[in-house]
Amino acid sequence: MSKSLEGKRALITGAGGGMGQSHAVLMAERGADIVIHDIKADGAEETAEMVRSVGCDASVLVVDIRDVSAFTAAVCDAGPVDILVNNAGVGGARRAIEDINEDVYNQMFEVHVRGTFFATQAVLPSMKKNKDGRIINISSIYAMGGSQLASHYAASKSAISGFTKSWARELAPWRIKVNAVAPGFIVTGMTEGSNPPEKIAEREKLMPLGEFCKPIDISYAVAWLASAETELISGQVISPNAGEVIVGY
Ligand SMILES: NC(=O)c1ccc[n+]([C@@H]2O[C@H](COP(=O)([O-])OP(=O)(O)OC[C@H]3O[C@@H](n4cnc5c(N)ncnc54)[C@H](O)[C@@H]3O)[C@@H](O)[C@H]2O)c1
C-alpha cells in the first residue's frame, strides 16, 4: 500500500460509519493520522480503533455538526489539520415538495451546507499559515442531474459545488486545493434506510458498469485528491458513479 499521506493529518466529518469510515481507514492505511468526527460516539470510536489498528493516530470529536459553536470549538481544539473531508450527511425518505416541512428542510441545509461551511472556516487559519491544504467536499450525482422527490437534498449538495468552485478561487493564493467528490448511489446505512432491498437491486441492474460503486471506490477518489499527485487540481468535481451520470464540462 502506497504511503502517499504519510505525515499528514486529516479531519473527516461524519466518519462514524458509512463512507466516512471507509475514507478514514484508507487514508490511515496510506499513512495519515485521522481526526474522526461524528454525532454517534460508538461509530466514531469504532472508526478510531480501525485507524489505530493500522498504526496511525486517531482522535475523536463527538458533536452535532448543526451546533455551530460547539462544533467549531471542537475542531479548533483538535488542532491543525492538513486535509478536511466534509462528509457528514443525512438522507431520509423521498419527499415531494409539499411534504418537505421546515424541520426536514432545515436539517438538510444545516448538516450539508452550514456544516461544510463552518468546518472549512474552522480549519482555514492553520491551512493559510502553512500555505497548503486540501479540502474535499462530498457532493452527489443529484447535484449534477437533480433528484425527483429529494429536491432539498439535491439543492443542499448543489450548494456544496458552489462552495467548491468559489473556495478553489479564493484559497488558491494559499495553495489550498478544494475539490468535490460526487458519488452515485452507494449502499450504506443512509440509502438502506430509505430504499427497500428490491428497489436497490432493480436500480443496480441499470448501472452501465453493471454494479454500484462501493464506499471504497469513493475513498480512492478522496485519498487521491488528498495526495501530492493532485497538487495542481482544484475546483473540480469527480463523480465515481458506475457510469450512471455522464456530463460535459
Ligand atoms: N450513500 C449514497 O448513495 C450517497 C450518494 C452521494 C452522496 N452521499 C453523501 O456521502 C456522505 C456520506 O454518506 P453515507 O452514505 O456514508 O451515509 P451514512 O449515514 O452512513 O454516514 C453519514 C454520517 O454522518 C453523520 N452525521 C449525520 N448527521 C450528523 C450531524 N448532525 N452531526 C454529526 N454527524 C452527523 C452520521 O452519524 C453518519 O455517521 C454524505 O454527505 C452523503 O450525503 C451519499
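Here, every reference points to the structure presented above.
Rules behind the numbers
Residues numbered from 1 in each chain as written. Predicted model: local features only at pLDDT ≥ 70, side-chain atom pairs only at ≥ 80, totals over all residues. Helix = DSSP H or I, 4+ residues; strand = E, 2+ residues; numbered from the N terminus. Rg over C-alpha atoms; globule rule 2.2 N^0.38 Å. Contact = placed C-beta atoms within 7 Å. Axes fitted to C-alpha atoms, helices over the stretch in contact; angles between N-to-C directions. Parallel < 35°, antiparallel > 145°, perpendicular 65-115°, else oblique. Left-handed = near helix turned anticlockwise from the far one by under 90°. Pairing = 2+ DSSP bridges. Near = placed C-beta within 6 Å. Nonpolar A, V, L, I, M, F, W, Y, C, P; charged D, E, K, R; others polar. Buried ≥ 20, exposed ≤ 12 C-beta atoms within 10 Å, placed from the backbone. Right-handed = clockwise from strand over helix to strand, strands pointing away. Core = buried A, V, L, I, M, F, W, Y, C linked by C-beta atoms within 7 Å.

What exactly am I supposed to notice about the overall build of the chain here?
When its secondary structure is counted, the chain shows 9 helices and 7 strands. For a compact globule of 249 residues, the expected C-alpha radius of gyration is about 18 Å, and the chain comes in at 17 Å, within 12% of that figure. Summarising its shape, the C-alpha atoms of the chain cover approximately 45 × 40 × 40 Å along the three principal directions. The contacts of the chain with a sequence gap of at least 6 include a subset with a gap of at least 24, amounting to 73%.

Explain the packing of helix α1 (residues 18-29) against helix α2 (residues 41-53) here, please?
Between two packed helices, what matters for the description is the angle formed by their axes and the separation of those axes. The contact between α1 and α2 brings their axes to 9 Å, and the two run at 15 degrees. Taken together, α1 and α2 sit at an angle that is classed as roughly parallel. Classified by chirality, the crossing of α2 by α1 is right-handed. Along the contact surface, α1 presents Q21, A24, V25 and A28, while α2 presents T47, M50 and V51.

Can you walk me through the sheet that holds strand β2 (residues 33-38) in this structure?
Two orientations exist for strands paired in a sheet by backbone hydrogen bonds: parallel and antiparallel. Reading across the sheet, the 7 strands line up as β3-β2-β1-β4-β5-β6-β7 and stay open at both edges, with parallel pairing between neighbours. The outermost strands of the open sheet, each flanked by one partner alone, are β3 (58-62) and β7 (237-238). The strands that α2 touches are β2 and β3; relative to β3, the one it contacts most, it runs at about 170 degrees. Set on the sheet, helix α4 (residues 102-130) makes contact with β1 (9-12), β4 (83-86), β5 (133-138) and β6 (176-181); between it and β4 the angle comes to about 170 degrees.

Would you take a moment to explain the site of the ligand for this structure?
The local shell around the ligand holds 27 residues, among which G14, G18, G89, T188 and M190 are the closest. Secondary-structure elements contributing two or more residues to the shell around the ligand are α1 and α7 (189-194). Residue composition of the shell around the ligand, grouped by class: 11 nonpolar, 12 polar and 4 charged.

Could you clarify how one ought to interpret the pairing of β6 in this entry?
Each regular strand carries side chains that alternate between the two faces of the sheet. Burial of β6 is extensive: 6 of the 6 residues sit out of reach of the surface. In β6, alternate side chains face the same way, and those of I176, V178 and A180 on one face and K177, N179 and V181 on the other are all buried. By the bridge criterion, 6 bridges tie β5 to β6 in an arrangement that is parallel. Bridge assignment links N137 to a residue of β6, and that residue is A180.

Help me out: how do you make sense of the pairing of β2 in this one?
With 5 of its 6 residues buried, β2 lies for the most part within the structure. Pairing analysis gives 4 bridges linking β1 to β2, with the strands arranged parallel. Bridge pairing in β2 links L11 to V35. The handedness of the β1 to β2 crossover, carried by α1, is right-handed. Relative to β3, β2 runs parallel, the two sharing 5 bridges.

Hey, could you run me through the nonpolar core in this one?
The nonpolar side chains of a soluble globular protein tend to be buried, and buried together. Ranked by size, the top nonpolar core spans 64 residues in total, and within it A10, M27, I34 and I36 carry the most contacts. Those residues in contact with A10, other than ones at most four positions away along the chain, are M27, A32, I34, V35, V81, D82, I83, V85 and A226.

Looking at this structure, how should I read the packing of helix α3 (residues 68-78) against α4?
Between α3 and α4, the least distance of the axes is 9 Å, while the angle of their chain directions is 35 degrees. Crossing handedness for the pair α3 and α4: right-handed. Between α3 and α4, the residues in contact are V68, F71, T72, V75 and C76 and R114, F118, A119, A122 and V123, respectively.

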